[in-house]
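# Geometric and topological summary
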Amino acid sequence: MAGWTRHKGRAVFLGLDNIDTDQLIPARFMSTPRAQGYGQFLLHDLRNDADGAPDPDFPLNRRPDASVLVSGRNFGTGSSREAAVYALVDAGFRAVIAPSFGDIFAANAVNNGLLPAQVTDEAQAELAATLGTGTADISLDLETRTVAVGNLTVAFDLDESWRTKLVNGWDDIDLTNRHVDEISAFAANRAKSEPWAFPLTSE
Amino acid sequence: MAAPRTMLDKLWDAHEILRREDGVSLLWVDRHLVHEGSHHAFAKIAARGLKVVRPDLTFAVVDHYAPTLDRTKIADPKIARMIGTLRDNAQAHRLRLFDLQDQDQGIVHVIGPEQGLTLPGLSINCGDSHTSTHGAFGALAFGIGATEVAHVLATQTVWQRKPRTMRITVNGTLGPGVTAKDIALNWIAALGTGGAQGHAVEYAGSAVRALSMEGRMTLCNLSIEGGARLGMIAPDETTFDYLKGRAFAPGKGWEKAVTAWSALVSDEGASFDREVVFNATEIAPTVTWGTSPEQALPVTAAIPDPARLDPEKAKAADAALEYMGLQPGRPLDGTPVDQVFIGSCTNGRIEDLRAAAAVLAGHRAKVPGLVSPGSAQVKAQAEQEGLDVVFKNAGLTWASSGCSMCVGMNGDQVAAGKRCASSTNRNFRGRQGPGARTHLMSPAMVAAAALTGTITDVRRFLGERAA
């Protein structure tokens, strides 16, 4: 995963709260291998009618070039399906800006280089007003934790460990393997002090 | 004297291998549960040439795509491939697999406890948000995404920042026909689906203590619908009684284990970041009317009028009512349903089937429905008790175990525009199938809806039935 510090792109506003992971990618698409690309599944049943024809008024259909999504509170609520993040990433998104996020979604986002930028309700409303039904140039800066659209600059919240990970594009398995001795020691100690925690040794 | 600690503190400390300067902990994982949906994670470790580092602590189960009606052949090649991929991965990494024909197969959050794989004091992860279920035993259990699943497969650890603590206390006694499901829908309606975001919820109070393990699992299961990645309940005699003699529960070390588990309570005077208190006597059978679990009301209430809600909620309510095809102001009770579903990791356990069967016994359902037990063991137990006959005589379909119509991945779906009274966990748009309309409620309430063909207050039937 490549790290990044700044992004310039186009932002679009999707004015819904509680966009859940079943909306981000309906379950029936999740047996698809990732190599086929998940972008086509993003918000599939909101963007398209029952026959699969695109709704021309849906913000993402009007603005297919967007790379930053501004949305309502509790974005990504629901299941742990990382496919919700794959759909956004494969559709070209680099960031979602919202007043709050589902906990598991946000962690999954960071693991795939997608920024979950948490802003205040006021800042979200200002961004939404600026964007309206159109798109606008937007720039994001992970160093200053700010997002700028035209003359409007707002700050976003981001866990420091997540910021570091996004900037460096770190992979956790590599990081963890530096601690392999501590892990082994911990496991050995646990097997001794809590033998009941190990199913095969407690028989 | 040491400062009083919460149950979360104790569980966290027991699993923390190290804490980085930025405050993120590396936690040891005692049990890792995988299912067909874990294919992305297996692909990730395969791409790096890695093996599952602790196959003895990793357990695989076919549930999300499990056929419930005919297991002899799987017509849909995509579903067959998903199950086949899990089999291949389980074999390649030498994992214990609970496969379709296994007498111990079932939904991952039902069979974990049933097998005694879930124990107090363990840390349990699974690539499924309802992993919070296992917290009912006093375990540190939370759902993770595919990248984290791959990480656990490769290292048997997970990086995690310690959540804030929240205690939900439910005092008093639940009324007849009111269940753990109603406690959960009630608090989620009060606090919102984001209400417990960033927190680990500990459930306490006399009403929680009085719950069976099945009820406690239902309550912890639904924590994620209120935004909490973790839900937990301190283990007690109810917990130990449930676990004793289970296949993977400790045998000769039992007494020592119980001693250790008994200490997993929040100390007197331990402080929580947030405390919320509910009165059990004020909780009624609760039903969702919208497309988010927070859009729930007592069955005695009217369908809300968006014009009377605060503007923040009005827009969502408007959209939800349109999707659900409901009229504001009409009573919820009496809303016609097309079908019912009883099952899922939320309410697919033996106690749930007993509660539904008690309402249905000797009667015909007015609408069709599917009953999918949470596990093959639950199914066998129900058949031993004759519950299957009650469901079949009522006209409902008695099926095999899997996630089934809760998520529709296996093809068990609600058709577009159809309304389903469902014992499941999510009423999201399209959750049970594109265009499906879902009303969440307890299994007994689902049974009442089946009897009348409408959303119905189950308490109406309790006088004449074994309550």
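Analysis parameters
- Residues numbered from 1 in each chain as written.
- Chains lettered and ligands numbered in written order.
- Predicted model: local features only at pLDDT ≥ 70, side-chain atom pairs only at ≥ 80, totals over all residues.
- Heavy atoms only, no water.
- Buried < 20%, exposed > 50% of the residue type's maximum accessible area, 1.4 Å probe, protein only.
- Helix = DSSP H or I, 4+ residues; strand = E, 2+ residues; numbered from the N terminus.
- Pairing = 2+ DSSP bridges.
- Contact = heavy atoms within 4.5 Å.
- Buried area = accessible area lost by both parts, 1.4 Å probe.
- Salt bridge = Lys/Arg side-chain N within 4 Å of Asp/Glu carboxyl O.
- Polar contact = N/O pair within 3.5 Å; in protein donor to acceptor, adjacent residues only side chain to side chain.
- Nonpolar A, V, L, I, M, F, W, Y, C, P; charged D, E, K, R; others polar.
- Domains from an automatic or database assignment.
- Axes fitted to C-alpha atoms, helices over the stretch in contact; angles between N-to-C directions.
- Phe/Tyr/Trp six-rings, centres within 6.5 Å; stacked < 30°, edge-to-face > 60°.

## Focus on the pairing of strand β2 (residues 24–28) of chain B
Residue and element names in this part refer to chain B. Burial runs high along β2: five of the five residues are buried. Summarising the sheet, strand β1 (residues 16–19) and β2 pair through three bridges and their orientation is antiparallel. Bridging from a neighbouring strand, Arg19 pairs with Ser25 of β2. Adjacent in sequence and paired antiparallel, β1 and β2 are bridged by four residues, among which Gly23 carries a positive phi angle near 90°. Bridge analysis of β2 against strand β8 (residues 157–161) gives five bridges, and the strand direction is antiparallel. Across the sheet, Ser25 pairs through a bridge with Gln160, a residue of β8.

## As for the interface of chain B and chain A
Taken together, the 72 residues of chain B in the interface contact 56 residues of chain A. For the chain B and chain A pair, buried surface summed over both sides reaches about 4900 Å², with 54% attributable to carbon and sulfur atoms. The interface formed by chain B and chain A contains eight salt bridges. With a shortest N-O distance of 3.9 Å, B:Glu312 and A:Arg73 are connected by a salt bridge. At the junction of chain B with chain A, the criterion picks out 28 residue pairs in polar contact (both at pLDDT 80 or more). Take the side of chain B that touches chain A: its biggest share by element is seven residues, from helix α5 (residues 146–155) of chain B. Here the residues of the side of chain B that touches chain A are counted per class, giving 31 nonpolar, 19 polar and 22 charged.

## What about the domain arrangement of chain B?
Residues and elements named next belong to chain B. Taken domain by domain, chain B holds domain 1 (7–275) and domain 2 (297–462). Put simply, the middle of domain 1 and the middle of domain 2, counted by C-alpha atoms, are 24 Å apart. Contacts between domain 1 and domain 2 engage 38 residues on the former and 37 residues on the latter. It is Thr68, Ile107 and Lys181 in domain 1 that bury the most area against domain 2; as a group they hold 22% of the surface buried on that side. On the surface where domain 1 and domain 2 come into contact, there are one salt bridge. For Glu225, the salt bridge is made with Arg426, and the minimal N-O distance between the two is 3.0 Å. Where domain 1 meets domain 2, there are 22 residue pairs in polar contact (both at pLDDT 80 or more). Going through the elements one at a time, α4 (108–115), α6 (180–191) and α8 (213–221) are the ones with two or more residues in the side of domain 1 that touches domain 2. The class makeup of the residues in the side of domain 1 that touches domain 2 is 13 nonpolar, 16 polar and nine charged.

## Points about the sheet that holds strand β9 (residues 164–171) of chain B
The strands making up a sheet are joined through hydrogen bonds of the backbone, oriented either antiparallel or parallel. Residues and elements named next belong to chain B. Spatially, the four strands line up as an open sheet ordered β11-β10-β9-β12, and their pairing is parallel. Strands at the two margins of the open sheet, each flanked by one partner only, are β11 (230–232) and β12 (274–279). Averaged over all pairs of adjacent strands, the angle between strand axes in this sheet comes to 20°, irrespective of strand direction. Examined bridge by bridge, strand β10 (residues 199–204) and β11 share three bridges and lie parallel to one another. Looking at β11, one finds that Val201 is bridged to Gly231. Its contacts with the sheet put α6 on β9, β10 and β12, and the angle it makes with β12 is roughly 125°.

## Points about the sheet that holds strand β16 (residues 369–371) of chain B
All names here are of chain B. Taking strand neighbours across the sheet as the criterion, the five strands line up as β17-β16-β15-β18-β19 in an open arrangement whose pairing is parallel. Looking at which strands have only one partner, the edges of the open sheet turn out to be β17 (397–398) and β19 (437–440). One ladder, built from three bridges, connects strand β15 (residues 339–342) with β16; its direction is parallel. Bridge assignment links Ile342 to a residue of β16, and that residue is Val371. With respect to the sheet, helix α16 (residues 443–452) is in contact with β15 and β18 (419–422), its orientation differing from that of β15 by roughly 155°.

## Considering unusual backbone geometry
Residues and elements named next belong to chain B. Of note in the backbone geometry, Ser344 takes a positive phi value of approximately 90° without being a glycine. If you trace the backbone, Ser344 turns up in helix α12 (residues 344–347). Positioned with a positive phi, Ser404 is a non-glycine residue whose angle comes to about 50°. You can call Ser404 buried: its relative accessible area is 0%.

## Comments concerning the environment of B:Val390
Residues and elements named next belong to chain B. Position of Val390 relative to the elements: it lies in helix α15 (residues 387–393). Judged by its relative accessible area of 19%, Val390 is buried. The contacts of Val390, once residues within four sequence positions are left out, are Ala357, Leu360 and Ala361.

## Examining the packing of aromatic side chains
Residues and elements named next belong to chain A. Inspection of the entire model under this criterion finds 13 aromatic pairs over all chains. With centroids separated by 5.3 Å and ring planes inclined at 70°, the aromatic side chains of Phe75 and Phe105 adopt a geometry described as edge-to-face. Linking Phe75 in the loop between β2 (68–71) and α4 (83–90) with Phe105 in helix α5 (residues 103–110), this pair joins segments that are 30 residues apart in sequence. Residue Phe105 is classed as buried on the basis of its relative accessible area of 2%. Their ring planes at 10° and their centres at 6.4 Å tell us that Phe101 and Phe105 sit as a pair that is stacked. When its relative accessible area of 7% is taken as the criterion, Phe101 is described as buried.

## Re the pairing of β15(B)
Residues and elements named next belong to chain B. Burial along β15 is two-sided: the residues Gln339 and Phe341 and Val340 and Ile342 are all buried. With three bridges connecting them, β15 and β18 associate as parallel partners. Note that in β18 the partner of Gln339 across the bridge is Cys420.

## A closer look at the domain arrangement of chain A
By a widely used convention, the size of an interface equals the accessible area lost when the partners come together. Here chain A is described as being made up of domain 1 (6–168) and domain 2 (171–203). Domain 1 of chain A and domain 2 of chain A are separated by 37 Å when their C-alpha centres are compared.

## Brief notes about the pattern of salt bridges
Between side chains of opposite charge, pairing is possible as soon as their charged atoms come close. In this structure the tally under the stated criterion is 39 salt bridges over all chains. A salt bridge links B:Arg431 to A:Asp22, with the nearest nitrogen and oxygen atoms 3.0 Å apart. Of this pair, B:Arg431 sits in the loop between β18 and β19 while A:Asp22 sits in helix α1 (residues 21–24), on two different chains. Taken individually, B:Arg431 and A:Asp22 each receive the classification buried, so the pair is uniform in this respect. Here B:Arg229 ties to B:Glu148 by a salt bridge, and the two come within 3.2 Å at their closest N and O atoms. Of this pair, B:Arg229 sits in the loop between α8 and β11 while B:Glu148 sits in helix α5, and the two are 81 residues apart along the sequence. Neither residue differs from the other here; B:Arg229 and B:Glu148 are each classed as buried. Salt bridges linked by common partners bring A:Asp17, A:Arg73, B:Glu294 and B:Glu312 together as one network.

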